[in-house]
Amino acid sequence: MEHQPKPPSPFISRRRSLIKTSAEIVSEARRSLRVPHTQRPFTPGDGQRQLFGGTSIRACHENRPPSTFSLSSQNFYAPDSRPGSGTRLSPLDHPKLPNLCSGEDPIKAIPRPPTVPMAEKKGLMGARGRLLRAGSLTLLPPVERNTHEKKSPRGHICEGHTEVCGSKQGPRRTASESHIDPPGVDSGVGPTTGRRTGDNTSTDEEEAIWNSAVAPLLLQLEAAGAAEQSVEVTCGVCDNVLDSLAKANLLGRKCKRRSSLLRTLFRFIDLDSAKLNLHVAKLCLALSVSGNNLLNICKLVFKISRSESNDRFFQDSSIIDSLLAVLLSEDASTSGEALVYVVGALKFISGNKAILRLLLDKKIFSVAQKLLRSLSQLQEEHLTIAGHILVQLTVLLRNLADQPESRPLFVSHTILPELCQVLRRHRQDQDVCTNVSRIFSKLSSYTECRLSLAQTPGCYQLFLELLSKHLQKKDLVVRILFTLGNLASKSHEARLQMFQCEGCVDTLLRLYDSNQRRPTVQGGEDVLVKLVCLLANMCIHPDVGPELGSNVTCVQLLIETLELLSVQENKELLVNVAVTINNLSFYLDKSAVLQQRLLTVCRLMLKLMLSSDMDAVLEATRVFGNLTNEKAARDFIMQNKVHRFLVTLLDSKSPEVCYSASGVLINLALDPPSRVGLAQEGAASKLVDCLKDFGAGDWQLSGRVCQALWNLIGCGCSVMLLQREEKESLLDILSFYCDKQNMAGDEADWHLACWELDFLPVAHKLLQTLQPEH
């Protein structure tokens, strides 16, 4: 509601009810109540790319997933790759052996395996030897041969030992020698007629696609593995296999020869090529490996992601799509450890700015939202593994928070309320709480994110409970305090809701006292900086300020900080303390503790003014602007010659400093003896210079300077305080400024309001005093 202009008062004017505009918001820094600013806490990066950092509470726990491990093809198992039904192949009929009792030579009667030439045996002992074991896909029979060998003597081979008419055991052939699979393992090597029994039955169409499109590629795959410099070729073949299976709709667990393909892929892991292993992992994930194989594939990807030099392979491959698909499809209650390594890998590579933007393009926020919700629904017995996953996920989100284009996505995907739910459920987990607090400390500096967080029910009470629970966890406490300070910096509603939370003031003051008693503890000063900033913002509210101002403990702690510390070593903290005292002194009355400790506060403000730091000087001047409403404070200033310093500040090139100094001079000039001291220091002349230098672009400053001049030369005082040239200059300035036509600027409405309320009335009075006939 607008107020009518009141007669000019010699006292410092309180806040006026002007229409809020952008220019007024910018000028809010000059008002009596101050919003302090502090730097966001620094978060060091994890240069070593560990699953859990060295400061993690999990660092020494034996039951956590390890960051380092060794993997080889021996860690993978083909039985995992059976079709989804879990049905084994029916065992072969027991072979019918020849009647050896008839006198026939038993050795000649049993077929023998073909002899392998020595040259071929030597070839198998090289780099490729480990790839060509039983079930090798290079042993697939040619397509044209399969159509003519339906009557082959395959059924005449038996497994195991066989007693024949009490004579010696006959020779035994292995599965690789006879092209026969061991019972229960679908190696995909056998007749290709498309006629099998049970759930493993392949269709004729699938057999045709396999033999025409996939099998030749698999032959290329193993052939490429024999060469030492075949990574590029092998990666290309892997991609071609994947494309062929996709076109034939044979991905997942649909392919009946899936186990044979997986066995071949697993053996490539021994070649220890990061690029090839990512292609292998992508193909294995497309084939829906599960259980131990899924875990080891995820470990493999995680191991590769630990080296920053491998980031380019993730950027150039579609493996990220496969990892995101795992997060969407797998259940944390059954595949929790695998998810830890998937999110851990994404966490590492998100440190790369190019990959970070790639993750945004791939809708990482949708995946994160679904994962957060699924983890929140896990039963209590899975809380530990959920915590491990969340440690990785929250670091990934923290990296995303650095990107300007990602901040609206935190809001649109309701990530901030989801993270508050994470804090409620994992409030005992310092790692999770610290990571979430880092996200909030980053995002709460931005309006849309701050509003989203402020609208989350119960967030203030939640933050205060975390402060109370983790008082000694400095990095967590600092970030929560910084977030609360940001929430209270712009919102009256947030200030009041925060103050009304159960135990709010007690928690904050207990935290203040514990850190002030141990100032040398690492992180203690940073806690105090953020805490005092929060108090300063909270007491801007007209219901909160008087309450805190009457709190003896609160005021005493602020005074102790000023007494114990020096500006040179603790500048930011002491400046924030001065801002808080300034805001509390705005509500100065008989019940305020500051009223009772007035001279002590004046003495401490003088300590700041005598420092060489202009920020400290400026804040101390603002405090004096409120305190000098009391005569005891005005007398203190004159007795201690502080007025000389205030007059000198008018020579400052800073409008902020001139504005604050003028406010104190307005109050000092109320007392006739003080006017004499100010006149002797040339205050009137310096005020005219200040009006000339800054008045045209700052109507609030002009009004403040005119009030000071009025108190010095207009209240029945002699205008002889000004030289003739100064008087003429002041008349010209006032005449020009009083002409509405001369007002200009983008914020014309705001200028007009300030001009009419702050400047025009007192300017007209000065003109009448200086030139009655005007």
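These numbers come from a predicted model, not from an experiment.

A.B. asks: Help me understand the overall build of the protein chain, please; the structure alone is not making it clear to me.
C.D. replies: Helix and strand counts for the protein chain come out as 39 helices and zero strands. Scored against the burial criterion, the 774 residues of the protein chain give a buried share of 53%. Nonlocal contacts in the protein chain, meaning residues at least 24 apart in sequence, comprise 76% of its contacts between residues at least 6 apart. Carbon together with sulfur atoms contributes 52% to the accessible area of the protein chain, which is approximately 35,100 Å² in total.

A.B. asks: Just checking my understanding: could you explain the packing of helix α22 (residues 474-490) against helix α25 (residues 524-538) for this structure?
C.D. replies: Geometrically, a packed helix pair is captured by the angle between its two axes and the distance between the axes. Running from amino to carboxyl end, α22 crosses α25 at an angle of 20°, the nearest separation of the two axes being 8 Å. When the interaxial angle is binned, α22 and α25 end up roughly parallel. Seen along the crossing, α22 lies across α25 with a hand that is left-handed. Facing α22, whose interface residues are Lys474, Val477, Val478, Leu481, Phe482, Leu484, Gly485, Ala488 and Ser489, α25 presents Asp526, Val527, Lys530, Leu531, Leu534, Asn537 and Met538. In terms of residue class, the contact of α22 with α25 is built from 10 nonpolar, three polar and three charged.

A.B. asks: What am I meant to see in the nonpolar core here?
C.D. replies: Soluble globular proteins tend to pack their nonpolar side chains together in the buried interior. In this structure, Leu265, Leu346, Leu397, Phe410, Leu484, Leu508 and Leu734 are the most contacted members of the largest nonpolar core, which totals 219 residues. Per element, the largest residue contribution to this core is 11 residues, and it comes from helix α13 (residues 332-349). Residues within four places of Leu508 in sequence aside, it is in contact with Leu464, Leu467, Leu481, Leu531, Leu534, Leu535 and Met538. Core analysis: the next-biggest nonpolar cluster, separate from the first, contains five residues, Leu33, Ile540, Phe586 and Tyr587 among them.

A.B. asks: Before we go on, may I ask you to explain the packing of aromatic side chains in this structure?
C.D. replies: For any pair of aromatic rings, geometry is given as the distance between the ring centres together with the angle between the planes. Evaluation of the coordinates by the stated rule reveals six aromatic pairs. Taking the centre distance of 5.1 Å and the plane angle of 65° together, the rings of Phe302 and Tyr341 count as edge-to-face. A residue pair is termed long-range when its members are at least 10 positions apart, and Phe302 in helix α10 (residues 291-305) and Tyr341 in helix α13 qualify at 39 residues. There is no split in this pair, since Phe302 and Tyr341 are both buried. Ring geometry for Phe440 against Phe463: centres 5.7 Å apart, planes inclined by 65°, an arrangement best described as edge-to-face. Here Phe440 is found in helix α19 (residues 430-443), whereas its partner Phe463 is found in helix α21 (residues 459-469), with 23 residues between them in sequence. Here Phe440 matches Phe463 in class, with each residue buried. Among the aromatic residues, ring-to-ring pairing joins Phe302, Tyr341 and Phe348 into one connected group. Sitting over the face of the ring of Tyr446, Arg407 holds its NZ or CZ atom 3.9 Å from the ring centroid. For the cation-ring pair, Arg704 lies above Tyr659, with the distance from its terminal atom to the ring centre recorded as 4.2 Å.

A.B. asks: Quick question: what am I supposed to make of the state of the cysteines here?
C.D. replies: Covalent bonding between the sulfur atoms of two cysteines is what defines a disulfide. The tally for this structure, following the rule as stated, stands at zero disulfides. You can see Cys235 has no disulfide; the closest cysteine sulfur is in Cys238, sitting 6.3 Å from it. No disulfide involves Cys690; its sulfur sits 3.6 Å from the nearest other cysteine sulfur, which is in Cys658.

A.B. asks: It is not clear to me how the confidence of the model for the protein chain should be interpreted in this structure. Could you clarify?
C.D. replies: One rule of thumb: low pLDDT means the predicted coordinates there are not for detailed reading. A residue-level look at the protein chain finds 73% of positions with pLDDT of 70 or above and a mean pLDDT of 78. Note on residues 1-30: pLDDT is under 50 here. Beyond four places in sequence and across chains, it has 62 contacts. Low pLDDT, under 50, characterises residues 94-201; the predicted model gives this stretch 132 contacts beyond four residues in sequence or across chains.

A.B. asks: Just to check I follow, could you spell out unusual backbone geometry for this structure?
C.D. replies: Most peptide bonds are trans, and most residues other than glycine sit at a negative phi. Positive phi is not limited to glycine here, since Asn249 has a value of about 60°. With respect to the element layout, Asn249 can be found in the loop between α7 (231-247) and α8 (258-268). Although it is not a glycine, Lys641 sits at a positive phi angle of roughly 60°.

A.B. asks: Would you explain α8 in this entry?
C.D. replies: Owing to its 3.6 residues per turn, the α-helix brings residues three or four apart onto one side. In terms of residue burial, α8 counts as a mostly covered element, since 11 of its 11 residues are buried. Among the residues of α8, those classed as buried are Arg258, Ser259, Ser260, Leu261, Leu262, Arg263, Thr264, Leu265, Phe266, Arg267 and Phe268.

A.B. asks: Explain the pattern of salt bridges here, please?
C.D. replies: Where charged atoms from two side chains of opposite charge come close, those side chains can pair. Tallying each qualifying case throughout the model produces 23 salt bridges. Across the salt bridge formed by Glu619 and Arg622, the nearest N and O atoms sit 2.8 Å from each other. Pair noted here: Glu619 and Arg622 are both in helix α31 (residues 614-627), with a separation of three residues, about one helical turn. The residues Glu619 and Arg622 share a single accessibility class, namely buried. Across the pair Lys686 and Asp651 runs a salt bridge, and its minimum N-O distance is 2.8 Å. Of this pair, Lys686 sits in helix α36 (residues 683-694) while Asp651 is found in the loop between α33 (642-649) and α34 (655-668), placing the two residues 35 residues apart along the sequence. A relative accessible area of 23% means that Lys686 is categorised as partly exposed. Each of Arg438, Lys473 and Asp475 takes part in salt bridges that share partners, so that together they form one network.

A.B. asks: Can you walk me through the environment of Thr68 in this structure?
C.D. replies: Looking at where Thr68 falls in the secondary structure, it is placed in the loop between α1 (22-26) and α2 (106-109). Classification of Thr68 by relative accessible area gives exposed; the value is 58%. Residues Thr68 and Arg306, 238 residues apart in the sequence, show an inter-C-alpha distance of 9.5 Å.

Conventions adopted
- Residues numbered from 1 in each chain as written.
- Predicted model: local features only at pLDDT ≥ 70, side-chain atom pairs only at ≥ 80, totals over all residues.
- Heavy atoms only, no water.
- Helix = DSSP H or I, 4+ residues; strand = E, 2+ residues; numbered from the N terminus.
- Buried < 20%, exposed > 50% of the residue type's maximum accessible area, 1.4 Å probe, protein only.
- Contact = heavy atoms within 4.5 Å.
- Areas by Shrake-Rupley, 256 points an atom, 1.4 Å probe, with all protein chains shown as cover.
- Axes fitted to C-alpha atoms, helices over the stretch in contact; angles between N-to-C directions.
- Parallel < 35°, antiparallel > 145°, perpendicular 65-115°, else oblique.
- Left-handed = near helix turned anticlockwise from the far one by under 90°.
- Nonpolar A, V, L, I, M, F, W, Y, C, P; charged D, E, K, R; others polar.
- Core = buried A, V, L, I, M, F, W, Y, C linked by side-chain atoms within 4.5 Å.
- Phe/Tyr/Trp six-rings, centres within 6.5 Å; stacked < 30°, edge-to-face > 60°.
- Lys NZ or Arg CZ within 6 Å of the ring centre and 35° of its normal.
- Disulfide = S-S within 2.5 Å.
- pLDDT = per-residue confidence, 0-100.
- Salt bridge = Lys/Arg side-chain N within 4 Å of Asp/Glu carboxyl O.

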